[in-house]
Every structure is written in structure tokens, then in C-alpha cells.
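For reference, the chains in residue letters:
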There are 2 protein chains.
Amino acid sequence: MRAMTVVAMHEEKGPVPLRLVAEMEAISEQYLEQIFMGLRRANLVTGQRGAKGGYTLARPAATITAGDVVRAVEGPIKLVDCDHNGGCLRAHVCATRELWDKVSQSMSQVMDGATLHDLATWARAKS
Amino acid sequence: MRAMTVVAMHEEKGPVPLRLVAEMEAISEQYLEQIFMGLRRANLVTGQRGAKGGYTLARPAATITAGDVVRAVEGPIKLVDCDHNGGCLRAHVCATRELWDKVSQSMSQVMDGATLHDLATWARAKS
DNA sequence: AAAAAAACCGAGTGTTTTCCTCGGAATAAT
DNA sequence: ATTATTCCGAGGAAAACACTCGGTTTTTTT
């Protein structure tokens, strides 16, 4: 998320090389590469190879939510991994699952309520 | 949470032995012991030794929230573990932390909005 | 008094997840 | 050519998670 915030802050200034992100956020370039592979596969960023290359947001920052980023790198936002949809053997399992589902929904709601534009704005305000 | 729901369902019927919970929820008795140690330390349940013993809720089910249970077993409900309060070196870190804090708060809010009484009711409705 | 049922307790274990490294290949600008 | 960069597959160390094991103490029942 921190990396994507950096890219969002450079939205109009062309591609951002990971070397720069690595420096700014103190995250190894190699680790960032791995993360950006996921972001690229999810079509949130486009990569430009070679010198003067780097990553660019695939859509305007205001249209990419934090939820989009989380889902791209960590998969679906949910607390439990129970797919016995409707056919639960244990009723209590499903009673708690109802709760976990509510929590997951709430998490998604908050994360989808913040865009990269918002994060970039907050970050600028803090610096 | 499933175990506590079972105990809550037996609220008026005296202590619930873990053997019963283990059977009902298909969780090993030994694992449950470990979990209930935490619940007891957090004063959510009281243990009664010996035959006819078992665990009882320390307070009425309607006054114990799912959040209480989660915090007792897993610790504080928060997504990130950053305690650089205010003194963040990297501004972007803190921008994202604001988001994580919002998400954590939202999770707590949902979990504290459901009591064991609620869970027990839901479970009964499902059986 | 003996036996059984249950909570208590500390330590250990296998698996998965998380976070991260390594070495290289392809591509583009200088 | 050289340099800067993304692209890619394969690991690897450490922590978290989900448990197990072997025993002790307490209480009720027989």
C-alpha cells in the first residue's frame, strides 16, 4: 500500500522505477518486484521496461481503491475460509461465520472507501 | 468463537465440560483446553474442576461481545503493528496507517456489536 | 477409600504463511 | 555497447498457527 501510494503521488510525472520506491519506503527492490507482479496481473499498474522505465497506474488514482490493492496482492478480503455454502454440518460454525462475513464486509467497505488519490493526499499532508 | 457459542447456549444449565464442546464442534479437547486458558485469564469464563465440572460464562452472555472473545484469544484487534505514534519517519507509512486504523476500528465495532447471546440465538435458529 | 471426571499446566511439533533473497533473462534508452 | 529497468522462477529463514503430549490437581461419584 505504501508503494502504491508513492506511485500515486507521482501520477503525472511518468513511470516510477522501483529503485525509487525502495529508497523512499525502505523496502528491498526485489521484494517490491514480486509485489508489483501481482499488481500488474491485476491490471492496477503497467510496467515500462528499460532505462527511464518504471511503473504507472493503469487507471486514475481516484478510481483505484485500497481494497483493489489488497485484493491484488493478498487475495479476497475475508476472515475465514469456509465454503460449505448453506450446507454446514455444524450449526454453530455457521452462526459464527455470519459474524465473520459481517466483519469481512465491513473491512471491504472501509478499504473500498479510500482511493489511492486519498492516500496520496493524506501522505502529502503529513510531509 | 464456536466453543464460546456452545458454552453460551448452555448458560442456564451449569458448567459445560470441554469433552462436550469437543464433540459438538469437532475440535480436540486438548486444543480447547489451551484456548480456554486464555479465556479464563481474561475473566470471560470460570473453570470448575472435577466430575460434573466444566466451564461457565463469568458474566451473562449478553454482556460478552465477540470482540471480547477475540481479544482474549488473539490479542488486540489491529491490522498493523506500528507504534511509532506521531513520530513516523516516513510520511507514507503513516498515511496508510490511518487507513489500517480505520479498518481495525471498523472490525472492532462489528465484533463488539455482537454478543454471545446473539451468537447463541443465531445458532439455535440454524439448528 | 478408590475410582473417575474434569480443569490446570508447561513443553514440544508439524504445517502453513509471511516476508524476503538470489540469479538470471528480456527490453529499452543513452 | 552500456546501463537501467521490468520480468520471472526458484528457493529460504522466521514467525504464526493449529495443534499434541504427558502429567498434576481438584472434585464428585461409587
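Residues numbered from 1 in each chain as written. Chains lettered and ligands numbered in written order. Predicted model: local features only at pLDDT ≥ 70, side-chain atom pairs only at ≥ 80, totals over all residues. Heavy atoms only, no water.

Visitor: Hey, could you go over the packing of aromatic side chains for me, with residue numbers and the actual values?
Guide: All names here are of chain A. Enumeration according to the criterion identifies 2 aromatic pairs over all chains in this entry. Centre to centre, the rings of phenylalanine 36 and tyrosine 55 are 4.8 Å apart; their planes meet at 40°, and the pair counts as tilted. Of the two residues, phenylalanine 36 is situated in helix H3 (residues 29-41) and tyrosine 55 in strand S2 (residues 54-57); the sequence distance between them amounts to 19 residues. Each of the two residues, phenylalanine 36 as well as tyrosine 55, counts as buried. (Phe/Tyr/Trp six-rings, centres within 6.5 Å; stacked < 30°, edge-to-face > 60°. Helix = DSSP H or I, 4+ residues; strand = E, 2+ residues; numbered from the N terminus. Buried < 20%, exposed > 50% of the residue type's maximum accessible area, 1.4 Å probe, protein only.)

Visitor: Please give an account of helix H1 (residues 2-9) of chain B that cites residues and values.
Guide: Within H1(B), 7 of the 8 residues are buried, which leaves it mostly tucked inside the rest of the structure. Of the residues making up H1(B), those classed as buried are Ala3(B), Met4(B), Thr5(B), Val6(B), Val7(B), Ala8(B) and Met9(B).

Visitor: Tell me about the nonpolar core, and name the residues and values.
Guide: Counting residues in each nonpolar core, the largest one holds 75 residues, and the members touching the most others are Phe36(A) and Phe36(B). Ignoring anything within four residues of it in the chain, the contact list for Phe36(A) reads Ala3(A), Met4(A), Val7(A), Leu18(A), Val45(A) and Tyr55(A). (Core = buried A, V, L, I, M, F, W, Y, C linked by side-chain atoms within 4.5 Å. Contact = heavy atoms within 4.5 Å.)

Visitor: Give me the lowdown on the interface of chain B and chain A, citing residues and values where you can.
Guide: Counting from both sides, the interface comprises 33 residues of chain B and, opposite them, 33 residues of chain A. Interface area, chain B with chain A, both sides summed: about 2,900 Å², of which 77% is carbon and sulfur. At the junction of chain B with chain A, the criterion picks out 1 residue pair in polar contact (both at pLDDT 80 or more). Within the residue set of the side of chain B that touches chain A, elements represented by two or more residues are H1, helix H2 (18-25), helix H4 (66-74), helix H5 (91-112) and helix H6 (116-126) of chain B. The element contributing the most residues to the side of chain B that touches chain A is H5(B), with 15 residues. The residue inventory of the side of chain B that touches chain A, partitioned by class, reads 22 nonpolar, 5 polar and 6 charged. (Buried area = accessible area lost by both parts, 1.4 Å probe. Polar contact = N/O pair within 3.5 Å; in protein donor to acceptor, adjacent residues only side chain to side chain. Nonpolar A, V, L, I, M, F, W, Y, C, P; charged D, E, K, R; others polar.)

Visitor: Residue-level account of the protein's contact with DNA strand D, with values.
Guide: Around DNA strand D sit 22 residues, and of these Arg19(A), Arg40(A), Tyr55(A), Ser28(B) and Gln34(B) come closest. Of everything in DNA strand D that lies within 4 Å of the protein, sugar and phosphate atoms constitute 71%. The contact in question runs from a base oxygen of DNA strand D to an N or O atom on the backbone of Gly50(A), over 3.4 Å. Interatomic distance of 2.9 Å between a side-chain N/O atom of Arg49(B) and a sugar or linking oxygen of DNA strand D. For the surface near DNA strand D, the secondary-structure elements that each account for two or more residues are helix H2 (18-25), H3, strand S1 (45-48) and S2 of chain A together with helix H3 (29-41) of chain B. A per-class count over the surface near DNA strand D returns 7 nonpolar, 9 polar and 6 charged. (Near = heavy atom within 4 Å.)

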